[in-house]
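Below are the chains, spelled out letter by letter.
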Protein chains: 2
Amino acid sequence: MLQKASNNQVKLLRKLGQKKYREKEGLFLVEGERAVQQFLENKVVRTVDFFVVQGKEPPSFLTTQKCYELDSEFFNELTNTETPQRVLAVCKIPGEISIELLKDQEGVIIATDSIQDPGNLGTIIRTATWFGAKGLILGKGTVDMFNPKVVRSMAGATGVVPFLNSELNPVFEVLEQSGWEVLFLDGNPGAEPLNRVKVPGKTVLVVGNEANGTDPGLITADRKRVMIPLQGTQKAVESLNAAIALSIALYAIHN
Amino acid sequence: MLQKASNNQVKLLRKLGQKKYREKEGLFLVEGERAVQQFLENKVVRTVDFFVVQGKEPPSFLTTQKCYELDSEFFNELTNTETPQRVLAVCKIPGEISIELLKDQEGVIIATDSIQDPGNLGTIIRTATWFGAKGLILGKGTVDMFNPKVVRSMAGATGVVPFLNSELNPVFEVLEQSGWEVLFLDGNPGAEPLNRVKVPGKTVLVVGNEANGTDPGLITADRKRVMIPLQGTQKAVESLNAAIALSIALYAIHN
């Protein structure tokens, strides 16, 4: 028999849906069997507590863990997905990387400028992890990386790529002084086609807001704008989705 | 003064949230100013009626169109997005392309095998349009392309790429007899790295279900499986998102 979750645990779980409480407690939620299992395998993020739906056996990868029961109604209220989940973990928010450590790396760093859609941010980080990005700079206006919907779209990748929440310009300046070049994904006229750009070994790739693109204040004269060439015969779509554009750029840089 | 929407119009709008009524009426909904504007510009899909929120001026691109008013509460109930919309159009579902017409083309055809997430399907079609795909085959288990969430994620691209709802195997056989090769995006062992595959001029690119991949029954001996090589140093994510993998493949094929 599993122990029922206490009132305090239930209260905490409810609070962790909100950013201010996640920050205060230093904790976040991971929903779903696959994601929780991946967190346990990756061992990058510390798992604190596990919860399963009342009346069901915990999945095999949780048999050595202490699990608490939650009734299914509260579970559904909390997870709020179309496919009902039956496993939930509370994890510790990992610490941020310092820009001093990040600047001495080589490779690709991803920066997000006001990415607002949780699914987009999660997909961006999942893909950045797949392509071995060295860091992630979450600029102003970007949705919280520990929002449950972002965590869900990350498919277990939370915390694998070192991250930093910061205004973008000051960080870019530090990186540029260490030999990094800043490249904006930008569909506006004048951007260079990605397949014709020689990408340097230390590249900061910036992806902008879904509707408005990148803040023009960031695009100084020595920073390059790149675009993914349209192949269709008519311009029937204005642009690519932000996560799609970034993923294509990551592939192109590595191949 | 705009005319208020009639009770019959309100009833119809509500019904169009469901696939069976979309099929019966041959109509679907387009939500949001940008999308409706793009539909008018593309002229691929016939717009039937326009609706705007009561008490607001219609946007400038609708001034020559007959618009009806809906109260904002019903509008929000109907559109069900986080950002409230204020423009809505009812459009005619365009006809499907026949496999006989499709097989005589050249280029890339996209096939979806049980893509269930509306955002994924919409993003797949938006990207396929950007890359000028010649056709779209929506296999069994794929979410309805005229689902409002799919239409929203398509960002105006609905109907630009000719489409066909069908079982995949019979269609693949017809295409193969006309010189098309079927390529599966597949992360399982044995798939060839995408950057090492010579892609033929008539390629059917198949993207499988988000959780389970492609139905193994489709992968016959003369059909190739391709994968996007992992670049990260540790396998911290199981796979790429389905729409991301497809988009990278489309870029790679064209560059």
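Predicted model, so just to flag it, every value in this text is computed and none were measured.

**Q** Any chance you could break down the sheet that holds strand β2 (residues 27–31) of chain B for me, citing the residues and the numbers?
**A** Residue and element names in this part refer to chain B. The mixed open sheet is built from 5 strands, whose spatial order is β1-β4-β3-β5-β2. Of all the strands in the sheet, the pair left with one neighbour each is β1 (3–4) and β2. Pairing analysis gives 5 bridges linking strand β3 (residues 47–53) to strand β5 (residues 87–92), with the strands arranged antiparallel. Residue Thr47 lies in a different strand from β5, and its bridge partner there is Cys91.

**Q** Account for the pairing of strand β11 (residues 202–207) of chain A, naming residues and giving values.
**A** Residues and elements named next belong to chain A. Within β11, 5 of the 6 residues are buried, leaving the element largely enclosed by the surrounding structure. Two elements, strand β9 (residues 181–185) and β11, share 4 bridges in a ladder whose sense is parallel. Paired with Val182 across the bridge in β11 is Val204.

**Q** Provide a residue-level description of the interface of chain B and chain A, including the pertinent values.
**A** With 41 residues of chain B at the contact, the number on the chain A side is 42 residues. Contact between chain B and chain A buries roughly 3800 Å² in total, counting both sides, with carbon and sulfur atoms accounting for 56%. The three residues of chain B that bury the most area against chain A are B:Arg126, B:Trp130 and B:Tyr251, which together make up 21% of that side's buried surface. Inspection of the region where chain B meets chain A yields 2 salt bridges. A salt bridge links A:Glu238 to B:Arg34; the nearest nitrogen and oxygen atoms lie 2.9 Å apart. Summed over the shared surface of chain B and chain A, the result is 18 residue pairs in polar contact (both at pLDDT 80 or more). Only α3 (33–42), α6 (118–130) and α9 (242–254) of chain B provide two or more residues apiece to the side of chain B that touches chain A. In terms of residues, the side of chain B that touches chain A owes the most to one element, α9(B), which gives 7 residues.

**Q** Quick rundown of the domain arrangement of chain A? Include the residues and the values.
**A** All names here are of chain A. Taken domain by domain, chain A consists of domain 1 (3–92) and domain 2 (99–254). Distance between the C-alpha centres of domain 1 and domain 2: 30 Å. Contacts between the two partners involve 13 residues from domain 1 and, on the opposite side, 11 residues from domain 2. Approximately 1100 Å² of surface area, both sides summed, lies buried where domain 1 meets domain 2, with 62% of it carried by carbon and sulfur atoms. Summed over the three residues of domain 1 that lose the most area to domain 2, namely Arg22, Phe28 and Glu31, the buried surface amounts to 34% of that side. Summed over the shared surface of domain 1 and domain 2, the result is 2 salt bridges. Close ionic contact of Arg152 with Glu31 constitutes a salt bridge, the shortest N to O distance being 3.0 Å. When contributions to the side of domain 1 that touches domain 2 are tallied by element, the ones reaching two or more residues are α2 (19–25), β2 (27–31) and α3 (33–42).

**Q** Can you explain the nonpolar core? Please cite residues and give values.
**A** In terms of nonpolar packing, the biggest core is built from 111 residues, with A:Ile110, A:Ile228, B:Ile110 and B:Ile228 touching the most fellow members. The contacts of A:Ile110, once residues within four sequence positions are left out, are A:Ile124, A:Ala128, A:Ala133, A:Gly135, A:Leu136, A:Ile137, A:Leu205, A:Leu246 and A:Leu250.

Conventions we followed
- Residues numbered from 1 in each chain as written.
- Chains lettered and ligands numbered in written order.
- Predicted model: local features only at pLDDT ≥ 70, side-chain atom pairs only at ≥ 80, totals over all residues.
- Heavy atoms only, no water.
- Pairing = 2+ DSSP bridges.
- Helix = DSSP H or I, 4+ residues; strand = E, 2+ residues; numbered from the N terminus.
- Buried < 20%, exposed > 50% of the residue type's maximum accessible area, 1.4 Å probe, protein only.
- Contact = heavy atoms within 4.5 Å.
- Buried area = accessible area lost by both parts, 1.4 Å probe.
- Salt bridge = Lys/Arg side-chain N within 4 Å of Asp/Glu carboxyl O.
- Polar contact = N/O pair within 3.5 Å; in protein donor to acceptor, adjacent residues only side chain to side chain.
- Domains from an automatic or database assignment.
- Core = buried A, V, L, I, M, F, W, Y, C linked by side-chain atoms within 4.5 Å.

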